[in-house]
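Letter by letter, the chains look like this.
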Amino acid sequence: MAKLKSIYVCSECGHKSKNWMGKCPSCNHWDTMFEELEKGEVNAGSRSVRSEKIKGSILITEVVADEGVRLSTGVKELDCILGGGLVKGAAVLIGGEPGVGKSTLLMQAANWLSKVTGTVLYITAEESLIQLKLRAERLGTLSNNLKVLAENNIENIQRIIEEEHPSVVILDSIQMVYWDVIGSAPGSVGQVRECAATLVAQAKRLNIPIFIVGHVTKEGSIAGPKVLEHMVDVVLQFEGDRFHAARILRAIKNRYGAVNEIGVFEMGASGLIPVDDASKLFLSGRDSGGSGSVVTAALEGSRPFLVEVQALVTDGYPGNAKRQVGGADKSRAQMILAVLEKRAEVTLYDKDVFLNVVGGASLGDTGGDLAIALSIVSSLQDESFNRECVVIGELGLGGEVRHVAQLESRLKEAERLGFKHAIVPKLRKKPAVGIKLIQVDNIDLALREIRG
């Protein structure tokens, strides 16, 4: 057997070093270097793969590009994110905070897939088989074609997959799987990297699609080396607050479809329920009056939906004012506050500002900048703006209101929900919508118009 040597690997970026360091020189994170045992290099002359005969290259025009029939997971929103269904041999990585619904979604998908594709193998490396059975009973997903396995040794997992050859494999989760050859603990950089690589390679060879569940760090990114996301074909991120019913499944990477597409779910007693009308979900319970509330049309991938932006501005202490943001980018919100101070002469340096996107939704694009600015001014002046008006626009550093992508689809969504007016950037060509458009080119004009 090859000689094992000790190295130190960064748990954030995978950087390797012969000696321990308090700060990783690659990603600059502190206390992320952990000791691992790595195999020594095997003599290249002894590798039989060197003497194997391989096929030569071929012309790209000769490549047969056939994805085959996509497999429906039985979950409409999940199929949409995957680009129309699950491709054979695809490796799908799903990440999210504990309790957000990863295992629930996969159990529901496994139940449907087992009925239409054949045997589905659900491998749990964290729970017992009894826990899986109890969840399946609660969700009503007991199927005669759904097999379960409680195992976290990668060699045993590969042997079972090879022998049973299921139609779909689900592994929950990769951070608990280990390989005996590597001396480090499960969840370490080396274990995650090697175990994931062997599983993905096996899935490709046997043409079996595989779902892999991954833990997340405290920053919200998928734990383990970044190479883990490069190995797989699709990376899905589950977002949502466990105290809200709304859940959002976002495609971060997709080799078989569009990225940044989202699926919206509502968590219920019987599991995750796909939401066809996300706008109604996020606007449900909206107050009939009051200051600090503005509605905007967000865009995720090709899907527009309306969300309510709320702001609360109170007296604070100069030099120590609080800035708390939920559902939006904090640095972007701080920039908007600076623009209001400088361009609209709104005094905020001595005010505590709290921003929130209601219902567990999030603003991923800049089309909600103007809505954030107007909600702050509304709360500061304790003035309720036009409730039937939706606000769309990007805010520049000069206080100008800039154009946003797919404005017409956003306006059609607002019109469908019954909004009568829309504050939008200056347009070269009027979109084909029935809603009344109020065109503005700066923040001052937008403030005057929404009061009307």
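Numbering of residues starts from 1 in every chain and runs along the sequence as written. With the structure being a predicted model, the display of local features is reserved for residues of pLDDT at least 70 and the display and counting of side-chain atom pairs for 80 or more, all residues being used for whole-chain, interface and lining totals. Derived side-chain values reflect all non-hydrogen atoms in the structure, with water molecules and hydrogen atoms excluded from consideration.

Student: Can you walk me through the nonpolar core in this structure?
Tutor: Considering soluble globular proteins, one finds that nonpolar side chains tend to be buried as a cluster. By size, the foremost hydrophobic cluster in this structure holds 49 residues, and its most contacted members are Phe282, Leu340, Leu370, Leu374, Ile376, Ile423 and Ile443. Strands here mean DSSP runs of E at least two residues long; helices mean DSSP runs of H or I at least four residues long; both are numbered from the N terminus. Counting residues per element, this core draws most heavily on helix H9 (residues 369-380), at seven residues. Any two residues whose heavy atoms approach within 4.5 Å at even a single point are treated as in contact. Among residues more than four places away in sequence, those in contact with Ile376 are Ala311, Val313, Leu337, Leu340, Leu348, Val353 and Leu355. Throughout, nonpolar core names a set of buried Ala, Val, Leu, Ile, Met, Phe, Trp, Tyr and Cys residues whose side chains join them through atoms within 4.5 Å. Residue burial is assigned from relative accessible area. The probe radius is 1.4 Å, only protein chains are included, and a residue is buried under 20% of its type maximum, exposed over 50%, and partly exposed in between. In this structure, Ile81, Ile94, Tyr122 and Phe211 belong to the second largest nonpolar core, which totals 32 residues.

Student: Even after reading the chapter, I still don't get the confidence of the model for the chain, so can you show me in this structure?
Tutor: Detailed reading of the predicted coordinates is not advisable wherever pLDDT is low. pLDDT measures how confident the predictor is about each residue, on a scale from 0 to 100. Taken as a whole, the chain shows an average pLDDT of 87; of its residues, 91% reach a score of 70 or greater. Here residues 40-52 is a poorly scored stretch, pLDDT under 50, and it has six contacts once near neighbours within four places are set aside; other chains count.

Student: Would you take a moment to explain the packing of helix H2 (residues 102-116) against helix H3 (residues 129-139) for this structure?
Tutor: Any two packed helices are characterised by how steeply their axes cross, that is the angle between the axes, and by the distance between the axes. Lines fitted to the C-alpha atoms define the axes, with helices restricted to the stretch that makes contact. Angles between their N-to-C directions range from 0 to 180 degrees. Axis separation between H2 and H3 bottoms out at 11 Å; the angle between their running directions is 70°. If you check the angle between H2 and H3, you find them roughly perpendicular. Each of Ser103, Thr104, Met107 and Gln108 in H2 lies in contact with H3, whose residues at this interface are Leu132, Arg135, Ala136, Arg138 and Leu139. Ten residue types, Ala, Val, Leu, Ile, Met, Phe, Trp, Tyr, Cys and Pro, are classed as nonpolar, four, Asp, Glu, Lys and Arg, as charged, and the remainder, Gly among them, as polar. Among the residues forming the contact of H2 with H3, the class breakdown is four nonpolar, three polar and two charged. When an angle is under 35 degrees it counts as roughly parallel; over 145 it counts as roughly antiparallel; between 65 and 115 it counts as roughly perpendicular; any other value is oblique.

Student: Is there a simple way to explain the pairing of strand E9 (residues 234-239) in this structure?
Tutor: Among the six residues that make up E9, five are buried, leaving the element largely enclosed by the rest of the structure. Strands qualify as paired when DSSP identifies two bridges or more between them. Relative to E9, strand E4 (residues 91-96) runs parallel, the two sharing five bridges. Residue pairing across strands places Val92 opposite Val234, the latter belonging to E9. The sheet contact formed by E9 and strand E10 (residues 246-254) spans six bridges and is antiparallel. Each residue of the ladder has a partner; that of Glu239, found in E10, is Ile248.

Student: Help me understand H3 in this model?
Tutor: Side chains of residues three or four places apart in an α-helix project in the same direction, reflecting 3.6 residues per turn. For H3, the set of buried residues is Leu132, Arg135, Ala136 and Leu139. Seen from one end, H3 has its buried residues packed into an arc of 100°, which puts them on one side. Projecting away from the buried face of H3 at angles above 90 degrees are the exposed residues Ile130 and Leu134. Directly after H3, the chain includes Gly140, whose backbone phi takes a positive value near 70°. It is the directions from the helix axis to the C-beta atoms that the arc portrays.

Student: When you look at a nonpolar patch on the surface in this model, what are you seeing that I'm missing?
Tutor: The grouping of Ile58, Ile60 and Val63 at the surface amounts to a nonpolar patch, some 330 Å² of accessible area in total. In this structure, Ile58 sits in the loop between strand E3 (33-39) and helix H1 (76-81). Here, patches come from residues exposed beyond 30% relative accessible area and free of salt bridges, joined within 9 Å for like charges and within 5 Å for nonpolar side chains (Val, Leu, Ile, Met, Phe, Trp, Tyr). Calculation of accessible area relied on Shrake-Rupley with a 1.4 Å probe; when residues are assessed, cover is drawn exclusively from the protein chains displayed. One speaks of a salt bridge when a side-chain nitrogen belonging to Lys or Arg is within 4 Å of a carboxyl oxygen belonging to Asp or Glu.

Student: Would you mind showing me how to read the pairing of strand E8 (residues 210-214) here?
Tutor: Successive side chains on a regular strand alternate, one facing one side of the sheet and the next facing the other. For E8, the buried fraction is high: five of the five residues fall into the buried class. Burial along E8 is two-sided: the residues Ile210, Ile212 and Gly214 and Phe211 and Val213 are all buried. Sheet analysis places strand E7 (residues 168-172) next to E8, joined by four bridges and oriented parallel. Paired with Asp172 across the bridge in E8 is Val213. What joins E7 to E8 is helix H5 (residues 189-206), and the crossover it makes is right-handed. Handedness of a crossover: with both strands directed away from the viewer, a clockwise path from the first strand across the helix to the second marks it as right-handed.

Student: Just to check I follow, could you spell out the sheet that holds E8 for this structure?
Tutor: Spatially, nine strands are ordered E6-E5-E7-E8-E4-E9-E10-E11-E12 in an open sheet, and the strand pairing comes out mixed. Each edge of the open sheet is held by one strand with a lone partner, namely strand E6 (146-150) and strand E12 (271-274). Direction aside, neighbouring strands of the sheet carry axes that sit 25° apart on average. Here helix H4 (residues 154-164) sits on the sheet and contacts strand E5 (120-124), E6 and E7; the angle it forms with E5, its principal contact strand, is near 170°. The sheet strands contacting H5 are E4, E7 and E8, and the helix crosses E8 at an angle near 165°.

Student: So what exactly am I meant to see when it comes to helix H8 (residues 330-343) here?
Tutor: Working rule for helices: expected span equals 1.5 Å times residues minus one. Between the first and last C-alpha of H8 there are 20 Å, a value that for 14 residues agrees with the 20 Å anticipated at 1.5 Å per step. Residues of H8 that are buried include every one of Ala333, Met335, Ile336, Leu337, Val339 and Leu340, and no others. Residues of H8 that are buried in the fold lie against strand E15 (323-326), strand E16 (351-357), H9, strand E18 (394-395) and helix H11 (443-451). Directly beyond the C-terminal end of H8, a positive phi value near 55° is found at Glu345.

Student: Could you clarify how one ought to interpret the pattern of salt bridges in this entry?
Tutor: A pair can form between side chains of opposite charge whenever their charged atoms are brought close. Tallying each qualifying case throughout the model produces 20 salt bridges. Linking Arg402 and Glu400 is a salt bridge whose minimum nitrogen-to-oxygen distance equals 2.9 Å.

Student: Can you walk me through the environment of Asp172 in this structure?
Tutor: With respect to the helices and strands, the residue Asp172 is situated in strand E7. On a C-alpha basis, the gap between Asp172 and Glu127 in space is 8.7 Å, while along the polypeptide they are 45 residues apart. Other than its neighbours up to four places away in sequence, Asp172 contacts Ser103, Tyr122, Ile123, Thr124, Ala125, Glu126 and Val213. Pairs of N or O atoms are called polar contacts if they sit within 3.5 Å, as long as, within protein, a hydrogen donor faces a hydrogen acceptor (for residues adjacent in sequence, only side-chain-to-side-chain pairs). Only 3.3 Å separates the side chain of Asp172 from the side chain of Tyr122, close enough to count as a polar contact.

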